[in-house]
Amino acid sequence: ETQADSIIRNIVRQLVPEVNQKKIRCSEEELDKYIGDTPFVLLIDELNNIRNPLGGNNALFGNPVDHDAKCLLQKLFLGKKNRYLVFSSHYRINLDPQAVGDIVSESDPGVKSMSLPVSTDL
């Protein structure tokens, strides 16, 4: 299973939870059609831990997001009206398929990082 296939399978598992989880087969086109024009926010926790189809894992950074997975996320969620992608990662990830490597510098204009508010008086 490729990283892109893994992303699609996990999205479908959340959208249609009653299907047999082991028999999920969905193409990028079918997912795109299913979402349609409905506003959609995809939340991915720890994108750096996406399955690595070659096996193995970089203990420091997790698995790099491969070109096909970046293209999928760009096409379905960053390149469509009313679709959004929010993800967490243990390191900065550049989802531009043309980028060389995943780690981007602080000055990269394509990445916007923001701190979450912290409550100190619960």
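Refer to the structure above for everything that follows.
Here is what the cut-offs are and how they apply
The residue numbers shown here count from 1 along each chain, following its written sequence. Only residues with pLDDT of at least 70 are given local features in this predicted model, and only at 80 or more are side-chain atom pairs given and counted; all residues enter the totals for whole chains, interfaces and linings. Water and hydrogen atoms play no part in the side-chain values, which are based on all heavy atoms of the structure. Accessible area is worked out with a 1.4 Å probe on protein chains only. A residue is then buried under 20% of its type maximum, exposed over 50%, and partly exposed in between. To qualify as a helix, a DSSP run of H or I must reach at least 4 residues; to qualify as a strand, a run of E must reach at least 2; elements of each kind are numbered from the N terminus. At least two DSSP bridges between two strands are required for those strands to pair. Definition used for salt bridges: Asp or Glu carboxyl oxygen within 4 Å of a side-chain nitrogen of Lys or Arg. A residue counts toward a patch only above 30% relative accessible area and without a salt bridge, and it is joined to like-charged neighbours within 9 Å or, for Val, Leu, Ile, Met, Phe, Trp and Tyr, to nonpolar neighbours within 5 Å. Note on areas: Shrake-Rupley with a 1.4 Å probe; residue coverage comes only from the protein chains shown. We define the nonpolar core as a collection of buried residues of types Ala, Val, Leu, Ile, Met, Phe, Trp, Tyr and Cys that are connected through side-chain atoms lying within 4.5 Å of one another.

## What to know about the pairing of strand β1 (residues 40-44)
Remark: a regular strand shows side chains that alternate across the two faces of the sheet.
Okay, step 1: Residues Phe40, Leu42 and Ile44 line the buried face of β1, whereas the alternating positions Val41 and Leu43 sit on a face that is not buried.
Okay, step 2: Across 5 bridges, the pairing between β1 and strand β2 (residues 83-87) is parallel. Paired with Phe40 across the bridge in β2 is Arg83.

## Comments concerning the pattern of salt bridges
Okay, step 1: Under the counting rule described, the total for this entry stands at 3 salt bridges.
Okay, step 2: The residue Lys80 makes a salt bridge to Asp32 at a minimum N-O spacing of 3.1 Å. Placement of Lys80 in the loop between α3 (67-78) and β2 and of Asp32 in helix α2 (residues 28-35) is noted, with a sequence separation of 48 residues between them.
Okay, step 3: Overall, the relative accessible area of 31% leaves Lys80 in the partly exposed class.
Okay, step 4: Notably, a salt bridge pairs Asp32 with Arg83, separated by 2.8 Å at the nearest N-O pair. Of this pair, Asp32 sits in helix α2 while Arg83 sits in strand β2, and the two are 51 residues apart along the sequence.

## Details of a nonpolar patch on the surface
Okay, step 1: Together, Val41, Leu43, Tyr84 and Val86 give the surface a local cluster of nonpolar side chains, amounting to about 410 Å² of exposed area.
Okay, step 2: Contributing elements (two or more residues each) for the nonpolar patch: β1 and β2.
Okay, step 3: By the secondary structure assignment, Tyr84 is in strand β2.

## So, the nonpolar core
Okay, step 1: Ranked by internal contacts, the top residues of the largest apolar core, which has 23 residues, are Leu42, Leu73 and Phe77.
Okay, step 2: Mapped onto this core, the elements with two or more residues apiece are α1 (3-15), α2, β1 and α3.

## Let's talk about unusual backbone geometry
Okay, step 1: A positive phi angle, close to 55°, is found at Glu46, a residue other than glycine.
Okay, step 2: Looking at the element boundaries, Glu46 is found in the loop between β1 and α3.

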